[in-house]
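Secondary and tertiary structure notes
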Amino acid sequence: GENVEQHPSTLSVQEGDSAVIKCTYSDSASNYFPWYKQELGKGPQLIIDIRSNVGEKKDQRIAVTLNKTAKHFSLHITETQPEDSAVYFCAARGRGGGFKTIFGAGTRLFVKA
Amino acid sequence: EAGVTQFPSHSVIEKGQTVTLRCDPISGHDNLYWYRRVMGKEIKFLLHFVKESKQDESGMPNNRFLAERTGGTYSTLKVQPAELEDSGVYFCASSQTVGNNSPLHFGNGTRLTVT
């Protein structure tokens with residue numbers, strides 16, 4: 001079945017710097033890659049997603065890139081702000097996995113003011 | 001539009017006891033999922049309902065876990081008898097369809113502690 005690896009597990013950056021979180025997946029049939037942000041006491045919320053027919057997608061300060069050949073995808077947050085501090089999860093989904101969404105272990109991002 | 005709601009938000013029980021978690025999906029969402037996160041690890045899939053039918057229960061750990069969705073609306077997840085390793089945060093999510101144009105909407109989770 002699908003397996004998603006996520007790195008790093010913890011990331012600390014200074015306010016205004018960029019943050020990058022990287023994920024790899026194992027199932028080449030996966031074709032949808034969402035990213036979720038989980039704030040304290042809340043459930044994960046979708047912040048951006050990318051489909052396999054696209055290599056990059058941007059939404060204001062966040063961007064995702066996908067390399068299907070290498071089975072890598074990444075989240076980039078620019079000009080980080082304290083409110084970006086949260087746990088971020090990457091995930092993969094596709095027909096091969098019965099459309100189950102498979103998650104990485106999460107990255108705890110700290111943005112220091 | 002009301003989001004996915006879960007009850008209770010926290011539950012502390014002793015080993016051997018029974019606990020029932022409840023999830024109310026977004027109205028009109030036929031697909032309902034249960035996930036669990038054990039501290040520091042991935043959000044792990046447990047099972048998937050389409051309306052009242054179990055579409056995929058491959059992630060259920062063992063027969064101490066029983067999920068139901070009678071009538072295709074809210075769902076319950078019962079753990080009986082609870083063991084220490086069942087501790088974690090149980091998330092429920094719903095989606096309109098199973099296709100890739102239908103993201104998961106999560107509830108705030110139930111934090112279960114088994115002592």
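My aim in this report is to walk through the structure given alongside it, one point at a time. (Residues numbered from 1 in each chain as written. Chains lettered and ligands numbered in written order. Predicted model: local features only at pLDDT ≥ 70, side-chain atom pairs only at ≥ 80, totals over all residues. Heavy atoms only, no water.)

Things to note about the interface of chain A and chain B
Many descriptions give the size of an interface as the accessible area lost when the pieces come together. Taken together, the 18 residues of chain A in the interface contact 20 residues of chain B. Regarding the contact of chain A and chain B, the summed buried area is about 1700 Å², with carbon and sulfur atoms giving 51% of it. Of all residues in chain A, R93(A), K100(A) and F103(A) bury the most surface against chain B, accounting for 30% of the area lost on that side. The closest approach of N and O atoms between K100(A) and D56(B), which form a salt bridge, is 3.1 Å. One can count 6 residue pairs in polar contact (both at pLDDT 80 or more) joining chain A with chain B. At the level of elements, β4 (30–38), β5 (45–51) and β9 (86–94) of chain A are the ones that each hand at least two residues to the side of chain A that touches chain B. At 4 residues, the largest contribution of residues to the side of chain A that touches chain B is made by β4(A). Considered class by class, the residues forming the side of chain A that touches chain B number 8 nonpolar, 6 polar and 4 charged. (Contact = heavy atoms within 4.5 Å. Buried area = accessible area lost by both parts, 1.4 Å probe. Salt bridge = Lys/Arg side-chain N within 4 Å of Asp/Glu carboxyl O. Polar contact = N/O pair within 3.5 Å; in protein donor to acceptor, adjacent residues only side chain to side chain. Helix = DSSP H or I, 4+ residues; strand = E, 2+ residues; numbered from the N terminus. Nonpolar A, V, L, I, M, F, W, Y, C, P; charged D, E, K, R; others polar.)

A short note on the nonpolar core
All names here are of chain A. With 24 residues, the main nonpolar core has V4, W35, F73, L75 and L109 as its most contacted residues. For this core, the secondary structure elements donating two or more residues are β2 (10–14), β3 (19–25), β4, β5, β7 (62–67), β8 (72–77), β9 and β11 (107–112). Apart from residues no more than four positions distant in its own chain, F73 is found in contact with V4, I21, K22, C23, Y25, F33, W35, T65, L66, C90 and A91. (Core = buried A, V, L, I, M, F, W, Y, C linked by side-chain atoms within 4.5 Å. Buried < 20%, exposed > 50% of the residue type's maximum accessible area, 1.4 Å probe, protein only.)

What about the side chain of R37(B)?
With respect to the secondary-structure elements, R37(B) resides in strand β4 (residues 31–37). The side chain of R37(B) is buried and forms no salt bridge, while E42(B), the nearest opposite charge, is found at 7.4 Å. Apart from the residues within four sequence positions on either side, R37(B) is in contact with Q38(A), F89(A), A105(A), E42(B), I43(B), G88(B), V89(B) and F91(B). (Lys, Arg positive; Asp, Glu negative; His and termini not counted.)

Shape descriptors only; they carry no functional weight alone.
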